[in-house]
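Spelled out, the chains give:
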Amino acid sequence: MAPTSTPTAPFGRVLTAMVTPFTADGALDLDGAQRLAAHLVDAGNDGLVVNGTTGESPTTSDTEKARLVRAVVEAVGDRAFVVAGAGTNDTRHSTELARQAESAGAHALLAVTPYYNKPPQEGLYRHFTAIADATGLPVMLYDIPGRSGVPIDTETIVRLAEHPRIVANKDAKGDLGAASWAMSRSGLAWYSGDDMLNLPLLSIGAAGFVSVVGHLVPAELRALLDAYTSGDVTKAAEIHQRLLPVYTGMFRAQGVITTKTALALRGLPAGPLRLPLVELDQAATEQLRRDLAAGGVDL
C-alpha cells in the first residue's frame, strides 16, 4: 500500500524519474533496480517514476516494463509512490500498458503526450481519456512538446482535469505563463518536469518535482522545497543557485546518458545503455565530474 497522498501532492512532492538498470550484457537488472529504488527512497524521494523516458522506455519490452514495476513495488512500494509510465503514441498500446501496470502493482500512471504522429488537441483529449478509463489508477499527464512535438493546450488540460482519475500534470513545457493559467483553471496538482525550473514552477503553485537530478541530490531538492513552502524564499533561491552546475551538467548530454554515468561513478546500479543511446566519452565524463563537483555532489 502506498503512503498517504494529499490532493495538492497526490504522489508526494519529491519524485525521481528512475533509470532502468541493465546487466553488463544488456539484460534487465531487477536486483539492481531494487537496490537503486531503495537507495533513492532512503535518500529522500517520496516516489519513483519507472518506465519513463529516463527509464529508456522506448527500448524496453512490455514484459520488461511489467517485471520492473513489480520489482520496484516489491522493494519500496510500502513507503514510496511507484508511478508507471504507460504513454506511447498508440492509444490502444497505451491502454494495454496501463492495465499491465495496474496488475503489476503500480500506484499511478504517467501518460506522455503522443510523440511523432502529432495529433490534434481532440486526439490528445481522447487519448488521455482512454488511458484514464482503462484502469482505476490516478493519472499524471506529461506535457513535453520538445520530445513529443505537440503541447497540451491549456483548454485541453482544463477539459482533461474534469476526469476523476486525471489528477496531476508533469510540466516540461518551459512556459511559465501557460503553466500559470493551466494550474489556475484546471486545479490539477502540478509537478515540475524540468529541473532548471523547479523553483520558478514552485513560485506559481507547483506541488513538487519529477526530477532527473533527484538521482543525485534529493536532499537538496527537499531542502529547496521546504524552504520555499515555509516562506524562506531567499534560502530557496540560494539552494537553487548552488544546484545550477548540477542542472547544467546533467543536461549537457542526453539525461539518461549523464545519469547512468553519474550513478556508475558513485558505484550505484545503472549498467549500460541501449542503442541508440551511447556512453559519454572521456572528455564529457570529466566535464560531468567538474559540473557535479561545482554543485556539491561527492562522487
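Structural notes, computed from the coordinates. From a predicted model like this one, the values you see are computed outputs, not experimental measurements.

The rules behind these values
Residues numbered from 1 in each chain as written. Predicted model: local features only at pLDDT ≥ 70, side-chain atom pairs only at ≥ 80, totals over all residues. Heavy atoms only, no water. Helix = DSSP H or I, 4+ residues; strand = E, 2+ residues; numbered from the N terminus. Rg over C-alpha atoms; globule rule 2.2 N^0.38 Å. Buried < 20%, exposed > 50% of the residue type's maximum accessible area, 1.4 Å probe, protein only. Contact = heavy atoms within 4.5 Å. Areas by Shrake-Rupley, 256 points an atom, 1.4 Å probe, with all protein chains shown as cover. Lys, Arg positive; Asp, Glu negative; His and termini not counted. Charge placed at Lys NZ, Arg CZ, Asp CG, Glu CD. Expected span 1.5 Å × (residues − 1). Phe/Tyr/Trp six-rings, centres within 6.5 Å; stacked < 30°, edge-to-face > 60°. Pairing = 2+ DSSP bridges. Axes fitted to C-alpha atoms, helices over the stretch in contact; angles between N-to-C directions. Parallel < 35°, antiparallel > 145°, perpendicular 65-115°, else oblique. Left-handed = near helix turned anticlockwise from the far one by under 90°. Core = buried A, V, L, I, M, F, W, Y, C linked by side-chain atoms within 4.5 Å.

The next thing to look at is the overall build of the chain. In terms of helices and strands, the chain carries twelve helices and eight strands. Here the chain has a C-alpha radius of gyration of 18 Å; the compact-globule value for 299 residues is 19 Å, and the two agree. Per-residue burial for the chain yields a buried fraction of 54% across its 299 residues. Counting contacts in the chain only where the partners sit at least 6 residues apart, residues at least 24 apart contribute 71% of the total. Taken as a whole, the chain presents about 12200 Å² of accessible surface, with 52% of it coming from carbon and sulfur. The average position of the 25 basic charges and that of the 32 acidic charges among the side chains of the chain differ by 2 Å.

For an α-helix, 3.6 residues make a turn, and residues three or four places apart therefore share a direction. With twelve residues, helix α9 (residues 218–229) extends 16 Å between its outermost C-alpha atoms, agreeing within 8% with the 16 Å of an ideal straight helix rising 1.5 Å per residue. Within α9, the full set of buried residues consists of P218, L221, L224, L225 and A227. Tucked inside the fold, the buried residues of α9 contact β1 (14–17), α8 (198–203), β8 (208–211) and α10 (233–250). One or two positions beyond α9, positive phi appears at G231, with a value near 100°.

This next bit is on the packing of aromatic side chains. Under the criterion given, the structure shown has two aromatic pairs. Between the aromatic rings of F11 and F81, the centroid separation amounts to 6.4 Å while the plane-to-plane angle is 75°, which identifies the pairing as edge-to-face. A residue pair is termed long-range when its members are at least 10 positions apart, and F11 in the segment before β1 and F81 in strand β3 (residues 81–85) qualify at 70 residues. F81 matches F11 in its accessibility class, with the two residues each being buried. Ring plane angle 25° and centroid distance 6.4 Å describe the contact between F11 and Y191, whose orientation is recorded as stacked.

Time to look at the sheet that holds strand β2 (residues 47–50). The strand order β1-β2-β3-β4-β5-β6-β7-β8 describes a closed barrel built from eight strands, whose pairing is parallel. Sheet twist, expressed as the average angle between the axes of neighbouring strands with direction ignored, equals 25°. In terms of strand pairing, β3 meets strand β4 (residues 108–112) through three bridges, oriented parallel. Residue pairing across strands places A84 opposite L109, the latter belonging to β4. Against the sheet, helix α4 (residues 121–134) makes contact with β4, β5 (139–143) and β6 (166–171), and its axis sits at roughly 165° relative to β4, the strand it touches most. Against the sheet, α9 contacts β1 and β8, and its axis sits at roughly 160° relative to β8.

Two numbers describe how helix α2 (residues 62–76) lies on helix α3 (residues 91–103): the axes approach to 10 Å, and their chain directions differ by 30°. Taken as axis vectors, α2 and α3 run roughly parallel relative to one another. In the crossing of α2 with α3, the sense of the turn from one axis to the other is right-handed. Across the interface between the two elements, D62, K65, A66 and V69 from α2 touch H93, L97, Q100 and A101 from α3.

What follows is about the nonpolar core. Counting residues in each nonpolar core, the largest one holds 77 residues, and the members touching the most others are M18, V72, W190 and M250. Excluding anything up to four places from it in sequence, W190 contacts I157, N169, D171, A179, A182, M183, L201, A206, A207 and G208. Residues L15, V49, A207 and V210 belong to the second largest nonpolar core, which totals 19 residues.

The next thing to look at is the pairing of β6. Counting buried residues along β6, five of its six residues qualify, which places the element largely inside the surrounding structure. Sheet topology note: the β5/β6 ladder contains five bridges and is parallel. Within the sheet, the bridge partner assigned to L141 lies in β6 and is N169. Sheet analysis places β6 next to strand β7 (residues 189–192), joined by four bridges and oriented parallel. Within β7, the residue paired with K170 across the bridge is Y191.

As a further point, take the packing of α3 against α4. Look at α3 against α4: their axes get within 9 Å of each other, and the N-to-C directions meet at 25°. Classified by the interaxial angle, the pair formed by α3 and α4 is roughly parallel. Every pair of crossing elements has a handedness; the one defined by α3 and α4 is right-handed. Here α3 contributes T91, S94, T95, A98 and R99 to the contact with α4, which in turn contributes H127, A130, I131 and A134.

Function cannot be inferred from these measures alone, as they are strictly geometric.
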